[in-house]
Amino acid sequence: MNIYTEYVVWGVKIEDRDKPEYLQESLLQTHHLGETIRSKAVAEMIALLCESKGYTRVRIQAIPFYKGCESELAKQFKSC
C-alpha cells in the first residue's frame, strides 16, 4: 500500500489576535500552484512566508494518506 503525505499550514492571522484563543488559529494554506502541498520543503517555505507577513504560532500539519483506500472506504458506506 502506497502512502503519501499532504501538508497543511496553520497559524494566527494578525486580525485574529484579539479573538479568544480558541478562535485564533486559522487554516492558512492547503494548496500551492493549484495542487495540494505534498512537499515538506514547500510547506516550510510557505510557513516562513506566513511568519514574515506577521502571522504567529505558524505550524505545519502532515496528514498521511493511503493510495487506493478511497474506493474501499466508499464500499463500506454503500453497505450501510
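Residues numbered from 1 in each chain as written. Predicted model: local features only at pLDDT ≥ 70, side-chain atom pairs only at ≥ 80, totals over all residues. Heavy atoms only, no water.

(A) How the structure looks around the overall build of the protein. Counting its secondary structure elements, the protein contains 3 helices and 5 strands. The order of α-helices and β-strands along the protein, N terminus first, is β-α-β-β-β-α-β-α. The buried share among the 80 residues of the protein stands at 21%. Put simply, 62% of the contacts in the protein that link residues at least 6 apart link residues at least 24 apart. In the form shown here, the protein has an accessible surface area of approximately 6,000 Å², with 55% of it arising from carbon and sulfur atoms. (Helix = DSSP H or I, 4+ residues; strand = E, 2+ residues; numbered from the N terminus. Buried < 20%, exposed > 50% of the residue type's maximum accessible area, 1.4 Å probe, protein only. Contact = heavy atoms within 4.5 Å. Areas by Shrake-Rupley, 256 points an atom, 1.4 Å probe, with all protein chains shown as cover.)

(B) Spatial organisation of helix H2 (residues 40-52). Between the first and last C-alpha of H2 there are 18 Å, a value that for 13 residues agrees with the 18 Å anticipated at 1.5 Å per step. For H2, every residue scored as buried is listed here: Ala43, Ile46, Ala47 and Cys50. Projected onto a plane normal to the axis of H2, the buried residues spread over an arc of 105° and lie on a single side. H2 presents Leu48 and Ser52 as exposed residues on the side facing more than 90 degrees away from its buried surface. The inward-facing, buried residues of H2 abut strand S1 (3-12), strand S2 (25-29), strand S3 (31-32) and strand S5 (56-66). N-capping of H2 is provided by Ser39, with a side-chain oxygen placed 3.3 Å from the backbone N of Ala41. One or two residues past the end of H2 sits Gly54, with phi positive at roughly 105°. (Expected span 1.5 Å × (residues − 1). Arc of directions from axis to C-beta. Polar contact = N/O pair within 3.5 Å; in protein donor to acceptor, adjacent residues only side chain to side chain.)

(C) Seen up close, the sheet that holds S2. Taken together, 3 strands build an open sheet; the order of strands is S2-S1-S5 and the sheet is antiparallel. Looking at strand neighbours, the two that pair on one side only are S2 and S5, the edges of this open sheet. Averaged over all neighbouring strand pairs, the angle between strand axes comes to 35°, with direction disregarded. Across 4 bridges, S1 lies against S2 in antiparallel orientation. Bridge pairing in S2 places Gly11 opposite Ser26. (Pairing = 2+ DSSP bridges. Axes fitted to C-alpha atoms, helices over the stretch in contact; angles between N-to-C directions.)

(D) Region of the structure containing the confidence of the model for the protein. With 82% of its residues at a pLDDT of 70 or more, the protein shows a mean pLDDT of 85. Here helix H3 (residues 69-78) is the element of the protein with the lowest mean pLDDT, 52, and H2 is the one with the highest, 97. (pLDDT = per-residue confidence, 0-100.)

(E) Here's a closer look at the nonpolar core. Tyr7, Val9, Leu28, Ile37, Ala43, Ile46, Ala47, Cys50 and Val58 together form the largest nonpolar core, which totals 9 residues. The set of elements that each furnish at least two residues to this core consists of S1 and H2. Ranked by residue count, the leading element in this core is H2, at 4 residues. (Core = buried A, V, L, I, M, F, W, Y, C linked by side-chain atoms within 4.5 Å.)

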